[in-house]
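Observations on chain architecture
Each chain, written out:
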Amino acid sequence: MQSHIKQLSFAGALITLGIIFGDIGTSPLYVFQTLLFEGGKVNTALVLGSISCIFWTLTLQTTFKYIVITLQADNHGEGGIFSLYALVRRYGKWLAIPAIIGAGTLLADGIITPPISVTSAIEGLNNVPALSAIFVPGNGLILGIVIGIMILLFFFQQFGTKVVGSAFGPVMLLWFLMIGVLGAIQFAHNPGIIRAFNPYYGIHLLVVHPRAIYLLGAVFLCTTGAEALYSDLGHCGRKNIQVSWIFVKATLLLNYLGQGAWVLMQPAGKDFTGINPFYQIVPNPHLLMIPCVALATMATIIASQALISGSFTLISEAVSMNFWPRITIKYPSNIRGQIYIPSINWILCFGCIAVSLYFRTSEAMTAAYGFSITIAMLMTTILMYYFMRYVKHWPVWLVTIILCVFLTVEFSFFVANAIKLLKRLFFVFFEMGLIFTMYIWFKARKINNRFLHFIDLKDQIPLLNALSADQSVSKYSTHLIYLTKANNAKQIEEKVMYSIMSRKPKRADTYWFIHIETTEEPYTMEYTVDQIEPGKVIRVEFRLGFRIQPRVNVLYRKVIEDMVARNEIDITSKYESLHQYKINADFRFVIMEKFLSYNNSFSVKEGFILNSYFAIKKLAQTEAKAFGLDTSETYVEKIPLVVKPVGNIVLKRVEMV
């Protein structure tokens, strides 16, 4: 997204409606219906109390926590739990844990938000008088339409959203105008519903209602899109989100008030089973219901698209920050930050279809929805404490008050949603798999790095010069390139020198050492060149943002082009027959991949982590592919990882008879 889009403008606000508010904007489709279902007997206290809870949840959780406070935690314009973690990780090594849990639960949300949103929209066809007998919630026809939309939605991810993306904003503008107008019409018939804004009604409902815990879990559904709102900060900018939210919140509240007003105008004792007040407030259903359902369907597809794109971004950041194995990441368009991850795309697609088949109706889905998001919100709160206290340097008393408000609200929602756990065992394995993978990858990398031994590079230069000049050793490559983890430019891994000198020595004219530093800024793309031994030993340092994929082949080629243009190096082949025809020299990358050696004796915990790590690694991309290296130019060298050599071997020699 271009930087001018992030500035406050009508165009920026319109785009914000399409990208940011899809999830939270489609919640009126199912929130109030769920509250009526969970509340049992429908009366004035239930209606006023429910709307009061919705109003104060949107005010405290969405407006205060996310719009006012959390959006300040922008990492050079970017948001999301990993952006927040990048800002605070220096203040505690353990902060990786809430970041991992938050990211895992957010990703798990990606397999229930699209089905619940699209299903609730399509079920609206049941309210068209002529179609009510055909479109019955949970029947094969509605299920088929929902699954068909899901498959098409995920299929088109590979082409990017550049073409249809421009329509997202106008469609969502129409959606918010429609739900606002529908609510306003009913509100005009019963303006007394405005008293629901009094917190007394919400508190009274939660205190006296026998199913208060279930009601609280249903209320939470109105703010489930708030975490995704922060994740998409980088697409639109803080000002556009904050200003757009005023309009969005007004239309949402109007619609909830309208639904409540309609319910209160119904005869006493009316059975609301299977009735969705959202569609009941549509006037003249013969004429307007089908356009209303069509717009609702488009809005839910847009909401799903935003969540899928957010999942891709989250995994991309996890890969860059060593929380996830390297996987194939594609760039379907030239829009900055727009990516496509095939493996995640089809995992989400399979998950969404499975959810639709398992639950069948939107009403059943809401019974399992919300638990993951409460955990993600709690993890964000933990990280936000460190941001407010140590990055913003707010006073302790203010941070404590804010934290108490957040934790009180979120822990209440967590308890309310915890009762849904048995109904959502379907998701538990998926969530645990995501969190387990991130944790294992992160911890194993830490163990790996403990056994990196660095040596002084300048001490090795005489040896490299001697090898390069030794004609008795056949030349391995003119330019030999290694990736190094040495943050200090004066050092190199001992294993790199072992690779060059041992076994069959790798003689080259020029030795290149490439180091990649992942910065805390999202889109940094810089490099430096240090000719440690001019023309012989050169170190290239890439500084890449955590949202930039390290395509080393492309980046290194650009460095070579720049250096040739500056007359810093000559890449013409040194072979006489090729030199006279100005043929370019050959380049070869050497990638060193570790495997777990049998010569190890480690603790049960380290053994479990490392064995799990190497098992997961078999499913991941190879290092060569992950760094975008052409296989014809790359040699992969296998190196055993010895954490703790097996010792105390008692071996007795006996004389031959």
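Residues numbered from 1 in each chain as written. Predicted model: local features only at pLDDT ≥ 70, side-chain atom pairs only at ≥ 80, totals over all residues. Heavy atoms only, no water.

1. Some details on the layout of surface pockets
The volume enclosed by the largest pocket comes to roughly 1,300 Å³. Forming the walls of the largest pocket are 41 residues, and the residues nearest its centre are Asn-322, Arg-445, Asn-449, Lys-485 and Ile-516. Of all the secondary structure elements, the ones that give two or more residues to the lining of the largest pocket are α16 (285-320), α21 (425-450), β2 (475-484), β4 (507-519), β6 (537-545), β7 (587-596) and α26 (604-617). Residue classes in the lining of the largest pocket are distributed as 17 nonpolar, 10 polar and 14 charged. (1 Å grid on protein atoms, 1.4 Å probe; cavity = no way out; pocket = protein on both sides within 12 Å on 5 of 7 lines; lining within 4 Å. Points joined across faces, edges and corners; volume = space filled by probe spheres on them. Helix = DSSP H or I, 4+ residues; strand = E, 2+ residues; numbered from the N terminus. Nonpolar A, V, L, I, M, F, W, Y, C, P; charged D, E, K, R; others polar.)

2. Looking at the confidence of the model for the chain
In regions of low pLDDT, the predicted coordinates are not meant to be interpreted in detail. On average, the chain scores 84 in pLDDT, and the residues at 70 or more come to 93%. Here residues 1-5 is modelled with pLDDT under 50, and outside its nearest four sequence neighbours on either side it reaches 10 contacts, counting other chains as well. (pLDDT = per-residue confidence, 0-100. Contact = heavy atoms within 4.5 Å.)

3. Thoughts on the environment of Glu-78
Assignment of secondary structure puts Glu-78 in the loop between α4 (44-69) and α5 (81-88). With a relative accessible area of 1%, Glu-78 lands in the buried category. (Buried < 20%, exposed > 50% of the residue type's maximum accessible area, 1.4 Å probe, protein only.)

4. Topic: the packing of α16 against helix α17 (residues 342-359)
For any two helices packed against each other, one specifies the crossing angle of their axes together with the interaxial distance. Running from amino to carboxyl end, α16 crosses α17 at an angle of 135°, the nearest separation of the two axes being 10 Å. On the basis of their axis angle, the class for α16 and α17 is oblique. As α16 packs across α17, the resulting crossing turns out to be right-handed. Between α16, through Ile-308, Ser-311, Phe-312 and Ile-315, and α17, the contact on the second element is made entirely by Ile-344, Asn-345 and Leu-348. Its residues assigned to classes, the contact of α16 with α17 comprises 5 nonpolar, 2 polar and no charged. (Axes fitted to C-alpha atoms, helices over the stretch in contact; angles between N-to-C directions. Parallel < 35°, antiparallel > 145°, perpendicular 65-115°, else oblique. Left-handed = near helix turned anticlockwise from the far one by under 90°.)

5. Brief notes about the packing of α5 against α16
One can describe the packing of α5 onto α16 by two numbers: an axis separation of 9 Å at closest approach and a directional angle of 30°. Residues Ile-81, Phe-82 and Ser-83 of α5 form the contact with α16, whose own contacting residues are Leu-314, Glu-317 and Ala-318. A per-class count over the contact of α5 with α16 returns 4 nonpolar, 1 polar and 1 charged.

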